[in-house]
Amino acid sequence: MSHQYNTYQQEGVDSYGSYGEGGGGYDYQADYPSQEEDAASDVTEGHDEEDQMYEGEYQGIPHPDEVKAAQRAARAKARGAGSVISELEELSQQYEEIMEDCGHGKFQWTLFIVLGLALMADGVECFVVSFALPSAEKDLCLSNADKGMLGLIVFLSMMAGAFLWGGLADKVGRRRCLLVALAINCVFAFLSSFAQGYGFFLFFRLLSGIGIGGTVPIVYSYFSEFLQMDKRGEHLSWLCMFWMVGGIYASFTAWGIIPRYGWGFSMGTEFQFHSWRVFILVAALPAIASLVGLTFMPESPRFLLENAKHDEAWMILKQVHDTNWRAKGQPEKVFTVTHIKAPKTAEDEFIEIQSATGTPVQRWAVRSLTLCKLVLRNVASLLSAELRFATLFMAIIWFCMAFSYYGLSVWFPDMIKHLQYEENLSKVKVFHKERVENFHFNFSLENQIHKEGEYIHDKFISIEIKSVKFEDSLFEDCRFEDIRSTDTVFENCTIRSTVFYNTDLWEEKFIDCTMENTSFEHNKLGCHLDTVEENDVLIYLVSFLGSLAVLPGNIISALFMEKIGRVKIIGGSMLISAGCTFFLFLSSSQSAIIALQCLFCGVSVAAWNGIEVVTVELYPTSKRATAFGVLNALCKLAAVLGSSIFASFVGITKAVPILLSFTALVCGGLVALKLPDTREKVLQ
């Protein structure tokens, strides 16, 4: 069978094209064959639909080439019937047709895995610190303020990273920025696992978060520019699933590694490498894998065309075309695009003129200053007349969704801990005015309060003291030896002629106590891991189930993203999620809270998928990553506010968190219904 191919060319020009002169903008011209010729082409747009559609021919189902030809004819007719379109719009239409000819196949699926691992690394980052803290707080001697700062710094650093890398990706390149961001994350995540002090650990996690914060805005912008219009919504939604996989991976590995306290080593008392540090190393594996895979991936050709790099874009598009059709067993299909004409911009010329003079340091300073100006100018352009309302609506939707989602994500496990705490309080044994003399305590003490007791000539040898409080008590001529304590304090006690040998009872555990002839010998330095962490399994299980519950919502939203539409999925999911929050009034047990968490996560993920797809489609290529970065930074700010506010009401009232989340979700859902439908919109 003979094949006919689409040809994009300009008479009198070399096959690889040339840069335009003057005027600015894009000069991307093409001569199209007739509709009959195009319809006869065997080039298909799907990676697995060709055989099915061919069989459907006998049932009167149009061949995919005929459908594609009709779509192109309709777009050409719309262009001809309307007013004169800009060169950028012309490029958008023609780029869409090139991607249709390249098809969706092996190249996109390979890029899907590589970028999915980067997105998975972002999901892991949100859980790493919270999973490591129960062990790290004792290893690093963290106070409540230290723990709060560590949790806060994760989101703040990711917020800064999203803004920084999103802006740079539109000026420097998607692939280059993603490579640097992932490298920063990997290096400082590795260093943080070895940091022995709180200051270094905080600093390294800060830089690690700045690196990984750039993955979300870059990944979606990058992948969308390799997708044709009718594949974009579905496959971007499938990509979202990797964030959920990151949560599952983090909870599963934490569950399997952190409770194994033998998985580590120490070098004296100055250097300790316990199991939670092993977990931090393992958590960095998705970022490392993505970094390695990304070195084999090309830059976005759409970005290159926007920056007047015609030849590089042409070679990459040819690579995509050839990779896909060879994988489908049709290597004879030839990439027929012969010319893409794109002029240099004034910004590029400015940088090149400055680069031709001065010392290397001066050239670097000029380039950096120019780049900063261009990024800030791009950010300001998001509020221009044509983008103002889109940016405002998307900012409201991102903020409302993140405020509720992250707020409740913190509230659910905190409520479970609160219920556990209340349950433990009901089991606390109170001993009042007991007198114990010449007794050898060789059994552990747990969940006890001792008031006004007297302990004379007693021995506490090789035991664990957990959640015990001594109030207004007297210890005289006693001996504490080889003691491991957790949540244990001595308050307003008198301690006379007593020896503390090889214990971890230090000054902070003696509150307003009187010491008389008391000695501390070979006291254990630093904080030490508990031998048993009863809540670990439940904490990891809750996170694991919450992440797993996202799976059905993700699948459904991906399958119906093109059929129902992004706007209806966002608005409907947010409104349904708002309704789900009222069931929280009925949550009086741990199992009920876990079930409601799964329900909320499963419904809300559809809204997240739609939000991310619409964000990609609303903005032009030159501003896409910048807009995504700004909105994602706003998302992290909302996460900080939501988690802080919701956590402050745990154990006080349910009404405020429920009403806040309900109000935010309803407002975001109603605003989402005002968004334009971008299903049939060519990527600008």
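Residues numbered from 1 in each chain as written. Predicted model: local features only at pLDDT ≥ 70, side-chain atom pairs only at ≥ 80, totals over all residues. Heavy atoms only, no water.

## With respect to the overall build of the protein
The cut-off we apply is this: Each helix is a run of DSSP H or I of at least 4 residues and each strand a run of E of at least 2, with the numbering of both proceeding from the N terminus. Any residue under 20% of the maximum accessible area for its type is buried, any over 50% is exposed, and the rest in between are partly exposed; the area is computed with a 1.4 Å probe on protein chains only. In what follows, a contact means two residues having at least one pair of non-hydrogen atoms within 4.5 Å. Only the protein chains shown count as cover for residues, with accessible areas throughout obtained via the Shrake-Rupley method and a probe of 1.4 Å.
Within the protein one finds 23 helices and 17 strands. Relative to its 684 residues, the protein shows a buried fraction of 52%. A fraction of 69% describes how many contacts in the protein between residues 6 or more apart in sequence connect residues 24 or more apart. Carbon and sulfur atoms form 61% of the exposed surface of the protein, whose accessible area is close to 29400 Å².

## Things to note about the confidence of the model for the protein
The condition that has to hold: Confidence of the predictor in every single residue is expressed as pLDDT, which spans 0 to 100.
On average, residues of the protein score 79 in pLDDT, and 81% of them reach the 70 mark or higher. The element-level mean pLDDT for the protein is lowest in helix α1 (residues 35–39), coming to 39, with helix α12 (residues 285–294) highest at 94. A low-confidence stretch, residues 528–535 (pLDDT under 50), is modelled with 21 contacts involving residues beyond four sequence positions or located in other chains.

## Brief notes about the environment of E507
Here E507 shows up in the loop between β14 (499–503) and β15 (510–511). Owing to a relative accessible area of 69%, E507 belongs among the exposed residues under this scheme. Once the C-alpha coordinates of E507 and F490 are considered, the two residues, 17 residues apart in sequence, prove to be 9.9 Å apart.

## Remarks on the sheet that holds strand β10 (residues 474–476)
Hydrogen bonds between backbone groups are what pair the strands of a sheet, and the pairing can be parallel or antiparallel. Spelled out, the test is: Two strands make a pair as long as DSSP finds a minimum of two bridges between them. Here an axis means a line fitted to C-alpha atoms, over the contact stretch when the element is a helix, while the angle between two N-to-C directions is reported on a 0 to 180 degree scale.
Reading across from one edge, β4-β7-β10-β13-β16 is the order of the 5 strands in this open sheet, with parallel pairing throughout. The open sheet terminates on both sides in strands that have one partner only, identified here as β4 (435–437) and β16 (514–516). The average angle at which neighbouring strand axes cross in this sheet is 5 degrees, direction not considered. Inspection of the sheet shows β10 paired to strand β13 (residues 494–496) by 3 bridges, in the parallel sense. Within β13, the residue paired with F475 across the bridge is I495.

## Quick word on a nonpolar patch on the surface
Note the cut-off: A patch is a set of surface residues, each over 30% in relative accessible area and not in a salt bridge, joined within 9 Å for like charges and within 5 Å for the nonpolar side chains Val, Leu, Ile, Met, Phe, Trp and Tyr. By convention in these notes, a salt bridge is any Lys or Arg side-chain nitrogen within 4 Å of a carboxyl oxygen on Asp or Glu.
The grouping of L548, L551, I555, I556, L559, F560 and I564 at the surface amounts to a nonpolar patch, some 540 Å² of accessible area in total. Top contributing element to the nonpolar patch by residue count: helix α19 (residues 550–564), with 6 residues. Within the element layout of this structure, I555 appears in helix α19.

## Brief notes about the pattern of salt bridges
Evaluated as defined, the whole model comprises 17 salt bridges. In this structure, E617 engages R566 in a salt bridge whose closest nitrogen and oxygen atoms are separated by 2.7 Å. Pair noted here: E617 is in helix α21 (residues 590–618) and R566 is in helix α20 (residues 566–581), with a separation of 51 residues, a long-range link. The class for E617 is buried, based on a relative accessible area of 1%.

## Considering unusual backbone geometry
The backbone of H457 shows a phi angle near 55 degrees, a positive value even though the residue is not glycine. The residue H457 is located in the loop between β7 (454–456) and β8 (459–461) in this model. Residue class for H457 comes out partly exposed when judged on its relative accessible area of 37%. Unusually for a residue other than glycine, D477 sits at a positive phi of about 55 degrees. By secondary structure assignment, the location of D477 is in the loop between β10 and β11 (479–486).

## Observations regarding the packing of aromatic side chains
To describe a pair of aromatic rings, you give the distance between the ring centres and the angle between the ring planes. The following threshold applies: Classification of ring pairs uses Phe, Tyr and Trp, with its six-membered ring standing for Trp, and accepts pairs whose centres are within 6.5 Å; under 30 degrees between planes counts as stacked, over 60 as edge-to-face, and the remaining range as tilted.
Within the structure shown, the criterion is met by 43 aromatic pairs. Ring centres of W398 and F628 lie 5.6 Å apart, and the angle between their planes is 75 degrees; this geometry places the pair in the edge-to-face category. Linking W398 in helix α17 (residues 388–426) with F628 in helix α22 (residues 624–648), this pair joins segments that are 230 residues apart in sequence. In this structure F628 comes out as buried when scored by relative accessible area, which is 0%. Ring centres of F439 and F443 lie 6.3 Å apart, and the angle between their planes is 70 degrees; this geometry places the pair in the edge-to-face category.

## A short note on α12
Quick note on the threshold: Arc definition: it is the arc formed by the directions from the helix axis to the C-beta atoms.
Looking only at α12, the buried set comprises P286, A287, S290, G293 and L294. Each buried residue of α12 sits inside an arc of 130 degrees when the element is viewed along its axis, so together they form one side. Where α12 is buried, its residues meet α5 (106–139), α7 (174–194), α9 (215–224), α10 (229–257) and α11 (275–283).

## Quick look at the pairing of β11
Direction of pairing for β8 relative to β11: parallel, over a ladder of 3 bridges. Directly across from K459, in β11, lies its bridge partner R479. Bridging between strand β9 (residues 464–471) and β11 involves 3 bridges; their strand directions are parallel. What sits directly across from I465, in β11, is S485. With 4 bridges connecting them, β11 and β14 associate as parallel partners. Within β14, the residue paired with R479 across the bridge is V499.

## Describing the side chain of S485
Let me state the cut-off plainly: Counted as a polar contact is a pair of N or O atoms within 3.5 Å, where, for protein atoms, one must be capable of donating a hydrogen and the other of accepting one, and residues adjacent in sequence contribute only when both atoms are in side chains.
The residue S485 is located in strand β11 in this model. You can call S485 buried: its relative accessible area is 6%. Separated by 2.9 Å, the side chains of S485 and D504 make a polar contact. Of the polar contacts made by the side chain of S485, one reaches the side chain of K509; its length is 2.4 Å.

## A look at the side chain of D170
Summarising the element assignment, D170 is placed in the loop between α6 (144–169) and α7. D170 sits in the buried class, given a relative accessible area of 4%. In terms of polar contacts, D170 uses its side chain to reach the side chain of R174, at 2.7 Å. The residues touching D170, leaving out its near neighbours within four places in the chain, are F303, N378, T621, S622, K623, R624, A625 and T626.

## A short note on the environment of L419
Its location among the elements puts L419 in helix α17. Judged by relative accessible area, which is 18%, L419 ranks as buried. The sequence separation of L419 and V650 amounts to 231 residues, and the corresponding C-alpha distance is 10.0 Å. Filtering out sequence-adjacent residues up to four positions away, L419 remains in contact with S588, S589, Q590 and I593.

## Description of the packing of α6 against helix α8 (residues 198–212)
The line we're drawing: Should an angle fall under 35 degrees it is called roughly parallel, over 145 degrees roughly antiparallel, and 65 to 115 degrees roughly perpendicular, with every other angle called oblique. Left-handed describes a crossing whose near helix is turned anticlockwise from the far helix through less than a right angle; right-handed describes the clockwise counterpart.
Relative orientation of the contacting elements α6 and α8 amounts to 30 degrees, with a least axis distance of 6 Å. As judged from the angle between their axes, α6 and α8 are roughly parallel. In the packing of α6 onto α8, the handedness of the crossing is right-handed. Residues D146, M149, L150, I153, S157, M158, G161, L164 and W165 of α6 lie in contact with α8, whose contacting residues are Y198, F201, L202, R205, L206, G209, I210, G211 and I212.

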